[in-house]
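What the coordinates show
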Amino acid sequence: MKISVNWLKELVNVTLSPEALADILTIAGLEVDKIEDHRQWADGVVIGKIIDCQPHPNADKLSICQVDIGKETYLNIVCGAPNVASNSIVAVATIGTYLPKINLKIQPAKLRGVKSEGMICSLAEVGLSNKFAGIHIFEDDILELGTDARPFLGLDDIIFDISPTANRADALSMVGIAREVAALTGGELNLPKSPKVFFPQKSSYFLKVKVSDGNICSAYIGTVIENVRIVQSPKWLQNRLEVAGVRPINNVVDVTNLIMLEWGQPLHAFDRDKLETVAKETPLTLGVRFATEKETLKTLDEQERNLKSANLIVTANDKPVALAGVMGGYETKVDDTTQNIVLEAALFDQVTIRRSSRCQSLRSESSARYERGINQSELEIACNLAIALIAELAEGTPVTQVIEDNRPDLSTESIILRLERIHQILGPIKKNGTTANVAAIDVERILINLGCDLSPVKGGNNVWKVSVPSYRYQDLKREIDLIEEVARLYGYEHFCDELPDKTEPGGLSFDYQVQRKVREVFRAVGLTEVIQYSLVKPEKADIIIANPLFAEYAALRTNLLDALIDAFAYNQSQGNGAFNAFEIGPTFRIVDEKYQELDEVVGIMGGDMFPQGRWIRSGKSVFMGWYEAKGILESVFVSLGLDVTYQPDNSDERLHPGRTASLWVSKKQLGIFGQLHPRLRQEKDLIDAVYAFTLNFNMLLETLGQEELMNPILGLYSSYPAVERDLAFFASLKVSVADLTQVINEAGGKLLVGVELFDQYQGENVPKGERSLAFSLVYRAGNRTLTDEDVEPIHDKIRNALVKKFKVTLRS
């Protein structure tokens, strides 16, 4: 919001320099982003009078002017403006003047052979307009010649551009800033008083107001003003709007904008006769309700808008005439033909206006204030000030006023504030070279300057009951809020910057340590980590977001693999080859009618593992096989110290039913791994073999929670030779190699250090329904060389265990 320092000084007595005032506001939390010194735009421009104006002898569009600026001799100035004329009071830039808005320094010059000793200025040349429509001529013809022209141009002001925080709704008004400055500096406030507005005892016009729900519109005031005269606003009013970045329109509309800037209360003026035209009948009833899906409204920006059920609208006999709290309707706007108006002053619900504004992608000065919250107790003040100004500037006559008031009791419970708690939260201050606590008298002074009422609590030592002013109801609700105000207004720079006692160093949580380790091992095997959006398209999602930022991202993802498959397909389509990647992130599901967030580790692999070696394969690529992909995953499990077993699985439709395995750790399912289904591969136009895995991160976390896994203890490597034995047998096809390996390891004990399947055969000389398997078993001890007497009993134990458990037929 842009703040005029001159306007601010009318509302509060402040003697600080603009720079010092900006520093105080910024330190207090109302950050001043920019300071515009309008005085520099016309430094050196003075009041002058054109005494004589003659055509230039050598140019048709130039004139030679004799200009009096209060000196002994007139200035000879060549001017090309079409409206230049004798006896005009003008703004004259003298020799040496620099005009920053057009980057021009005035120098003596000759134009077509005639000397020129200055320049007669247009408003554009001093930064007040974007159009060069001619020189500016002052209406007042009794100005003292040679005096500084800036006060008469409205260029004797300094503008602050501030960015209030979201909780400071009061800071979106000049009155709110004035109160803040008064609290910071102790300056005396001089706020406008609410004028008395008189209406005739018997109204000449009947108006009715109907609000469908008092929660969405807690108050609505409709005032009929007749016989208004629509003209341009006086210069002082136009200047106030322009410095605030608001375009002047006409006297009635400008008054509503002025009150909004001054008090933070949006107002809107309807053309009453146009309202009756839209309503198609009288008497007129103004209503507030939600729109229906088929209704439309043309707003003041001349856009035809299809209304949604989230849009709150103002109606005339149930016909839409305005987007409540956001923008008025085009068909009922106030223009040069307007003779009678209806002035709206209302309190709309914050959340409702925010949704309505976002629904139409339309934000205005009005909606920005409603979204943060309006001071409910000053609605009548703003309304009465606007009525009085319209009566003065537009010569209108108020004839009737209707009020629908559903405001709740504005009085709130007192907040208990303890000085001991202030000291505990804020700590000591630096004062006169020593440290001390904030004094009770300073706390009382600060809160009283804020407009709070304080009363001591009986029996309490420096404990107060604090009543908050109505314009701060939005953000001062608890004791901690008041403590923040004490710190803010006392000055953060006065508090000691020492760390609290017993400060301990920070550290990573165990969950995050596990996550970092998992990331490291996946990167170590050559996978790239990716981070994708948690928001997805809503077509197949379970959890839809009620107020999405974008329609295409309107749901929460239920798994990570779908997006990773899409990323693989996209990279392949761009000619980047196989995209071997993994992601660790949250997924969102509905379990037992409750929302749950579950973390997953998901990866995808494929393509040629050794693309640089194609020269030894006649330039052909060899795609990754199932066991190669499994080997990559096994490397991760080995690095993490996990003993993972594989079981056939066909539960995931995205994976090949014959080339998919579930992953198990200690009889708990860790995840699933397999090759993408051929049908999915064809749909996505993927390469021949692509593999994917999904791991339950919470299960991984639980497994890695064992201390020996996170901090493994190194053991001595045996320097004694190993003894190898082969074991071959016929086994049923229903028995998995994983189950056989598990039994072999259990029976082999500590001396068995390696088990490897090196041969598998089905066909001739093998019983039907069975296969021939051959394992290599490695035995080793850490303290001696094993003999046959050591190995054979263990080897026989393994044979017997296999026969007993799986009824295998031994071949060796």
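The structure contained in this document is the topic of the report that follows. (Residues numbered from 1 in each chain as written. Predicted model: local features only at pLDDT ≥ 70, side-chain atom pairs only at ≥ 80, totals over all residues. Heavy atoms only, no water.)

1. Details of the packing of aromatic side chains
Working definition: an aromatic ring pair is given by the centre-to-centre distance plus the angle between the planes. What the rule picks out here adds up to eight aromatic pairs. Each ring, one from Trp 626 and one from Phe 673, has its centre 5.3 Å from the other, and the planes form 50 degrees; the classification is tilted. Residue Trp 626 is located in helix H16 (residues 626-640), and its partner Phe 673 is located in strand E37 (residues 668-676); the two are separated by 47 residues in the primary sequence. Of the aromatic side chains, those joined through ring pairs into one cluster are Phe 522, Phe 582 and Phe 693. Over the face of the ring belonging to Tyr 205 we find Arg 272, whose NZ or CZ atom lies 4.2 Å from the ring centre. Of note, Lys 298 hangs over the ring of Tyr 330, and the distance from its end group to the ring centre comes to 4.5 Å. (Phe/Tyr/Trp six-rings, centres within 6.5 Å; stacked < 30°, edge-to-face > 60°. Helix = DSSP H or I, 4+ residues; strand = E, 2+ residues; numbered from the N terminus. Lys NZ or Arg CZ within 6 Å of the ring centre and 35° of its normal.)

2. Digging into the pattern of salt bridges
Side-chain pairs of opposite charge can arise where the charged atoms are in close proximity. What the rule picks out here adds up to 42 salt bridges. We note a salt bridge from Glu 180 to Arg 168, for which the minimum N-O separation is 3.0 Å. Here Arg 168 lies in the loop between strand E12 (158-163) and helix H4 (174-185) and Glu 180 lies in helix H4, a separation of twelve residues in the sequence. No difference in accessibility class separates Glu 180 from Arg 168, as the two residues are buried. Where Arg 179 meets Glu 378, a salt bridge forms, and the shortest distance between an N and an O atom there is 2.6 Å. Of the two residues, Arg 179 sits in helix H4 while Glu 378 sits in the loop between helix H9 (365-372) and helix H10 (379-393), which places them 199 residues apart along the sequence. Residue classification places Arg 179 among the buried positions, given a relative accessible area of 14%. (Salt bridge = Lys/Arg side-chain N within 4 Å of Asp/Glu carboxyl O. Buried < 20%, exposed > 50% of the residue type's maximum accessible area, 1.4 Å probe, protein only.)

3. Structural notes on the side chain of Asn 251
Along the chain, Asn 251 turns up in helix H6 (residues 251-263). In terms of polar contacts, Asn 251 uses its side chain to reach the backbone carbonyl oxygen of Arg 229, at 2.8 Å. In this structure, Asn 251 is in contact with Arg 229, Ile 230, Val 231, Ser 233, Leu 393 and Ala 394, ignoring residues within four places of it in sequence. (Polar contact = N/O pair within 3.5 Å; in protein donor to acceptor, adjacent residues only side chain to side chain. Contact = heavy atoms within 4.5 Å.)

4. Re the sheet that holds strand E19 (residues 312-316)
The strand order E13-E16-E19-E20-E21 describes an open sheet built from five strands, whose pairing is mixed. Two strands lie at the open edges of the sheet, namely strand E13 (207-211) and strand E21 (327-328), each paired on one side alone. Sheet topology note: the strand E16 (residues 284-290)/E19 ladder contains five bridges and is antiparallel. Residue pairing in the sheet places Gly 287 in a bridge with Thr 315 of E19. The strands touched by helix H7 (residues 272-279) within the sheet are E16, E19 and strand E20 (319-323), with E20 carrying the most contacts at an inclination of about 135 degrees. (Pairing = 2+ DSSP bridges. Axes fitted to C-alpha atoms, helices over the stretch in contact; angles between N-to-C directions.)

5. A closer look at the sheet that holds strand E32 (residues 555-556)
Pairing in this open sheet of three strands is antiparallel, and the strands run E30-E32-E31 from one edge to the other. Single-partner strands in this sheet number two, and they are strand E30 (535-536) and strand E31 (543-544). Bridge count between E30 and E32: two bridges; the pairing is antiparallel. Pairing of Leu 535 across the sheet is with Leu 556, part of E32.

6. A word on helix H2 (residues 18-27)
All buried positions along H2 are accounted for by Pro 18, Leu 21, Ala 22 and Leu 25. All buried residues of H2 project into a common sector of 100 degrees when viewed along the axis, lining one side. Where H2 is buried, its residues touch helix H1 (5-11), strand E2 (31-37), E12 and H4. Phi turns positive one or two residues past the end of H2, at Gly 29, with a value near 110 degrees. (Arc of directions from axis to C-beta.)

7. Brief notes about the pairing of strand E33 (residues 581-591)
Judged from the two bridges that link them, strand E29 (residues 528-529) and E33 form a sheet pairing that is parallel. If you follow Glu 529 over to E33, its bridge partner there is Phe 582. In terms of strand pairing, E33 meets strand E34 (residues 594-606) through eleven bridges, oriented antiparallel. Counted as the bridge partner of Ala 581 is Ile 604 from E34. With antiparallel pairing between neighbouring strands as the criterion, E33 and E34 make up a hairpin whose turn holds two residues, including Asp 592 at a positive phi of roughly 55 degrees.

8. Let's talk about unusual backbone geometry
With omega at 5 degrees, the peptide bond leading from Thr 282 into Pro 283 counts as cis. Turning to its location among the elements, Pro 283 is positioned in the loop between H7 and E16. With a phi angle near 50 degrees, Asn 317 is a residue other than glycine that sits in the positive phi range. Residue placement: Asn 317 occurs in the loop between E19 and E20. With a phi angle near 70 degrees, Asn 765 is a residue other than glycine that sits in the positive phi range.

9. Structural notes on the packing of helix H20 (residues 737-748) against helix H21 (residues 788-806)
Two quantities define a packed helix pair, namely the angle between the helix axes and the distance between the axes. Closest axis-to-axis distance for the H20/H21 pair is 9 Å, and the angle between their directions is 140 degrees. Here H20 is positioned oblique relative to H21, judged by the angle of their axes. In this structure, the crossing between H20 and H21 has a hand that is right-handed. Mapping the contact onto sequence places Asp 739, Leu 740, Val 743, Ile 744, Ala 747 and Gly 748 in H20 and Ile 794, Lys 797, Ile 798, Ala 801, Leu 802, Lys 805 and Phe 806 in H21. In terms of residue class, the contact of H20 with H21 is built from nine nonpolar, one polar and three charged. (Parallel < 35°, antiparallel > 145°, perpendicular 65-115°, else oblique. Left-handed = near helix turned anticlockwise from the far one by under 90°. Nonpolar A, V, L, I, M, F, W, Y, C, P; charged D, E, K, R; others polar.)

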